[in-house]
Amino acid sequence: MKAIGYSEALPITDKNALIDIELPQPIASGRDLLVRVKAVAVNPVDYKIRQNVPAEDGKYKVIGWDAAGEVVAVGEAVTGFKPGDQVFYAGDLTRSGTNAEFQLVDERIVGHKPQSLSDSEAAALPLTTITAWELLFEHLQLKRQSPGDRGKSNEVVLVVGAAGGVGSILIQLAKTLTGATVIATASREASRNWVQALGADFVVDHRQPLKPQIDALMAEGQIGAVTHVASLNATEQYFDSYVDMLVPFGRIALIDDPASLDVMKIKPKSLSLHVEFMFARSMHQAADMNAQHELLEQVANLVDQGYIRTTAGKHLGTINAENLRAAHAELESGRAVGKVVLEGF
């Protein structure tokens, strides 16, 4: 089968950073599905692994953690899927990735693809959807409501780095399934327009001090005090602002990798700090791994009902080494809006 991989960790400007290769087609067993990959999306985890984790000696490492495709075979213990099913999923950090024509993936972290989306549109969703869902409802513990219920709560969520992949789906989930007021951060016109189109109630500029902008909205009576923070990047830079802005017993959830945080700063307000890592369930074979299957099924229904839209931002063509190098470069620049997708081999 065709695949894209690497043998050593190299900068993306090196033509050997990702190369086209041929590998044996895997065989499904146990709870695994064998999926023919039709489309993929690229995430920051892709380039972080490529930069820092070389392949085993004499082998190629295949990465990628977002895909849409078709089930072509199932293991003997599979109960929820059959050959021919159209699926989407993010996969498992400890296994071979989506940048290949065929991939094995545990059925407990797979969902049926939204029927209303193309393969590339669906491939944009799984990793960021799982991340955003777990962040909102397991860590921040926002109050859930039925889709379409327009009831407002007193919850105010600040989403920092809102125009990226996670922010793009998090805003939609928060507006669809909670009554919270959503404040998104964005600095460029394109990113401001993007987050507003996705449903953000207010937009503030993360290149300027955050608290004065939040204070101005409060003084105008447009928002209440910030109760939750979804910190999607630059947590170390904004951490003191979060502590300053949040109400007592407020919650902070982050997904990035700050070098250091003085967590005791949160004690005077009895704040809570949470770290979201969507691979935790699959890496550690958690007892509730199936929760990721269930949430992907729910989101697929929300998409098909018109509540959630794809977060695909840029389509870079077919799945090959040249185009994947371009995708990695786009994400490494820090200027991507929405998700970068590729489709077909």
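Residues numbered from 1 in each chain as written. Predicted model: local features only at pLDDT ≥ 70, side-chain atom pairs only at ≥ 80, totals over all residues. Heavy atoms only, no water.

Q: How should I be thinking about the environment of Gly84 in this particular structure?
A: Tracing the backbone through its elements, the reader meets Gly84 in the loop between strand 4 (67-74) and strand 5 (86-89). Using a relative accessible area of 36% as the deciding quantity, one classes Gly84 as partly exposed. Considered as a pair, Gly84 and Glu22 are 62 residues apart in the sequence and their alpha carbons are 24 Å apart. Those residues in contact with Gly84 that lie beyond four places of it in its chain are Glu70 and Val71. (Helix = DSSP H or I, 4+ residues; strand = E, 2+ residues; numbered from the N terminus. Buried < 20%, exposed > 50% of the residue type's maximum accessible area, 1.4 Å probe, protein only. Contact = heavy atoms within 4.5 Å.)

Q: Please explain the packing of aromatic side chains as it appears in this structure.
A: For any two aromatic rings, the description comes down to two numbers: the centre-to-centre distance and the angle of the planes. Summed over all chains, the structure comprises four aromatic pairs. Ring geometry for Trp65 versus Phe279: centroids 6.2 Å apart, planes at 75 degrees, classification edge-to-face. Here the residue Trp65 occupies a position in the loop between helix 1 (44-52) and strand 4, and Phe279 occupies one in the loop between strand 13 (272-275) and helix 8 (280-283), the gap between them amounting to 214 residues. No difference in accessibility class separates Trp65 from Phe279, as the two residues are buried. Ring centres of Phe277 and Phe279 lie 5.6 Å apart, and the angle between their planes is 65 degrees; this geometry places the pair in the edge-to-face category. The class for Phe277 is partly exposed, based on a relative accessible area of 41%. Counting every residue linked through ring pairs, the aromatic cluster contains Trp65, Phe277 and Phe279. (Phe/Tyr/Trp six-rings, centres within 6.5 Å; stacked < 30°, edge-to-face > 60°.)

Q: I keep staring at the pairing of strand 4 and nothing clicks. Help me out?
A: Pairing geometry for strand 3 (residues 32-42) and strand 4, over seven bridges, is antiparallel. From the neighbouring strand, Leu33 faces strand 4, where its bridge partner is Val74. In terms of strand pairing, strand 4 meets strand 5 through four bridges, oriented antiparallel. By the bridge assignment, Gly69 is partnered in strand 5 with Val87. (Pairing = 2+ DSSP bridges.)

Q: I'm lost on unusual backbone geometry in this one. Help?
A: Where the residue is not glycine, phi is negative for most of them; where a peptide bond is considered, it is trans in most cases. In this structure, Ala234 takes a positive phi of about 55 degrees despite not being glycine. With respect to the secondary-structure elements, Ala234 resides in the loop between strand 11 (228-231) and helix 7 (235-245). Look at Ala234 and you get partly exposed, because its relative accessible area is 27%. Unusually for a residue other than glycine, Gln285 sits at a positive phi of about 45 degrees. Among the secondary structure elements, Gln285 is positioned in the loop between helix 8 and helix 9 (290-304). Residue Gln285 is classed as partly exposed on the basis of its relative accessible area, which comes to 47%.

Q: Mind showing me how you'd approach the pattern of salt bridges here?
A: It is possible for side chains bearing opposite charge to pair when their charged atoms get close. All chains considered together, the criterion is met by 17 salt bridges. Where Asp32 meets Arg95, a salt bridge forms, and the shortest distance between an N and an O atom there is 2.6 Å. With a gap of 63 residues between them, Asp32 in strand 3 and Arg95 in the loop between strand 5 and strand 6 (102-106) connect regions that are remote in the sequence. A relative accessible area of 11% means that Asp32 is categorised as buried. Across the pair Lys82 and Asp85 runs a salt bridge, and its minimum N-O distance is 3.0 Å. Judged by its relative accessible area of 52%, Lys82 is exposed. Residue classification places Asp85 among the buried residues on the basis of a relative accessible area of 9%. Through salt bridges with shared partners, one network takes in Glu134, Glu138, Arg281 and Asp288. (Salt bridge = Lys/Arg side-chain N within 4 Å of Asp/Glu carboxyl O.)

Q: Could you clarify how one ought to interpret the packing of helix 6 (residues 210-219) against helix 7 in this entry?
A: The geometry of a pair of packed helices is captured by two quantities: the angle between their axes and the separation between those axes. Axis separation between helix 6 and helix 7 bottoms out at 9 Å; the angle between their running directions is 30 degrees. One finds that helix 6 runs roughly parallel with respect to helix 7. Judged by residue contacts, Leu210, Lys211 and Ile214 of helix 6 engage Tyr238, Asp244 and Met245 from helix 7. Residue classes in the contact of helix 6 with helix 7 are distributed as four nonpolar, no polar and two charged. (Axes fitted to C-alpha atoms, helices over the stretch in contact; angles between N-to-C directions. Parallel < 35°, antiparallel > 145°, perpendicular 65-115°, else oblique. Nonpolar A, V, L, I, M, F, W, Y, C, P; charged D, E, K, R; others polar.)

Geometric descriptors of this kind do not, in isolation, establish any biological role.
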